[in-house]
Amino acid sequence: ANALEYVNIAKRADGFPLELSDMRRDISKNGVLNYSSRSLFDADVIVLAAALGTMAQKLVTLDLSTNSLSATAAKSLAKQLRSMPKLAAINLAHNYIGDEGLFALLAVAGTAGAKQAPATMLPRSLKTLNLRDNHIGGKGAEALAKMLQAGALPNASDIDLSHNWLDSLAAK
């Protein structure tokens, strides 16, 4: 059992920190971790990602939208994504991950020259990816498009890149 029970991140509406037992209960009950609009920063997500541990296997929905997360948080999260085989929805809308953060989420895991679809850090079970308003530019959108064309996310049906910094390169 994890001895760590209190982490001063992901504050409740009343301003008090959430207990890890609350996080465990929410994930065990419905597979959802919703820390939207909690004034989280990169360091908070680094701790959160580490605290997930084996609970990550049960996660179906991850919502970290409307926080203050940059590429640093996306990189930390990307390291944990491979341990989330049931993950169907990620909501990172209204953050600041940019192209660099998207590149981390899309990082190809050792399939160069393989005849199968490339293995991205994003789980193949993913259906919904909300990256709205994240300062993602044409290069990030192009990388995502290539991953989709290669079949790396076969179940993806809802991807939101609206309100990003897409240019004519991304429109092609």
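Everything numeric here is computed off the predicted structure, so don't read it as measured data.

A word on the side chain of serine 65
Logical step 1: Position of serine 65 among the secondary structure elements: in the loop between strand 2 (61-63) and helix 3 (71-81).
Logical step 2: For serine 65, a relative accessible area of 5% gives the class buried.
Logical step 3: A polar contact of 2.7 Å, which involves the side chain of serine 65, links it to the side chain of aspartate 63.
Logical step 4: Setting aside residues up to four positions removed in sequence, serine 65 forms contacts with Tyr35, Ser36, Ser37, Asn91, Leu92, Ala93 and Asn95.

Here we look at the nonpolar core
The tendency in soluble globular proteins is for nonpolar side chains to be buried as a group.
Logical step 1: Judged by nonpolar contacts, the single largest core of 41 residues is most densely connected at Met23, Leu33, Leu64 and Leu122.
Logical step 2: Broken down by secondary-structure element, the contributors of at least two residues to this core are helix 1 (20-30), helix 2 (42-52), helix 3, helix 4 (98-106) and helix 5 (138-149).
Logical step 3: Here the element with the most residues in this core is helix 3; it accounts for 5 residues.
Logical step 4: Discounting chain neighbours no more than four positions away, the residues touching leucine 64 are Tyr35, Leu40, Val45, Leu48, Leu69, Leu77, Asn91, Leu92 and Asn95.

Overview of the environment of tryptophan 165
Logical step 1: With respect to the helices, strands and loops of the structure, tryptophan 165 is situated in the loop between strand 5 (158-160) and helix 6 (168-171).
Logical step 2: Once you skip the residues sitting within four places of it in the chain, tryptophan 165 turns out to touch His135, Ile136, Gly137 and Gly138.

Quick notes on the environment of lysine 79
Logical step 1: Here lysine 79 lies in helix 3.
Logical step 2: We classify lysine 79 as exposed; its relative accessible area is 68%.
Logical step 3: Separated by 25 residues in the primary sequence, lysine 79 and alanine 104 place their C-alpha atoms 8.7 Å from one another.

Details of the side chain of asparagine 67
Logical step 1: The residue asparagine 67 is located in the loop between strand 2 and helix 3 in this model.
Logical step 2: For asparagine 67, a relative accessible area of 6% corresponds to the buried category.
Logical step 3: In terms of polar contacts, asparagine 67 uses its side chain to reach the backbone amide nitrogen of serine 39, at 3.0 Å.
Logical step 4: Looking at asparagine 67, its side chain comes within polar contact range of the main-chain nitrogen of leucine 40, at 2.9 Å.
Logical step 5: Residue contacts for asparagine 67: discarding those within four places in its chain leaves Tyr35, Ser36, Ser37, Arg38, Ser39, Leu40, His94, Asn95 and Tyr96.

Comments concerning the confidence of the model for the protein
Logical step 1: For the protein, the average pLDDT comes to 83, and 79% of its residues sit at 70 or higher.
Logical step 2: Low pLDDT, under 50, characterises residues 1-8; the predicted model gives this stretch 16 contacts beyond four residues in sequence or across chains.
Logical step 3: Here residues 109-115 is a poorly scored stretch, pLDDT under 50, and it has 5 contacts once near neighbours within four places are set aside; other chains count.

Notes on the sheet that holds strand 3 (residues 89-91)
Logical step 1: With respect to topology, 5 strands assemble into an open sheet ordered 1-2-3-4-5, the strand pairing being parallel. Pairing within the sheet leaves two strands with one partner each, and these edge strands are strand 1 (32-34) and strand 5. Each neighbouring strand pair of the sheet contributes to a mean axis angle of 5 degrees, computed without reference to strand direction.
Logical step 2: As judged from the 3 bridges shared by strand 4 (residues 128-130) and strand 5, these two strands associate in the parallel manner. Across the sheet, asparagine 130 pairs through a bridge with aspartate 160, a residue of strand 5.

Cut-off values and rules
- Residues numbered from 1 in each chain as written.
- Predicted model: local features only at pLDDT ≥ 70, side-chain atom pairs only at ≥ 80, totals over all residues.
- Heavy atoms only, no water.
- Helix = DSSP H or I, 4+ residues; strand = E, 2+ residues; numbered from the N terminus.
- Buried < 20%, exposed > 50% of the residue type's maximum accessible area, 1.4 Å probe, protein only.
- Polar contact = N/O pair within 3.5 Å; in protein donor to acceptor, adjacent residues only side chain to side chain.
- Contact = heavy atoms within 4.5 Å.
- Core = buried A, V, L, I, M, F, W, Y, C linked by side-chain atoms within 4.5 Å.
- pLDDT = per-residue confidence, 0-100.
- Pairing = 2+ DSSP bridges.
- Axes fitted to C-alpha atoms, helices over the stretch in contact; angles between N-to-C directions.

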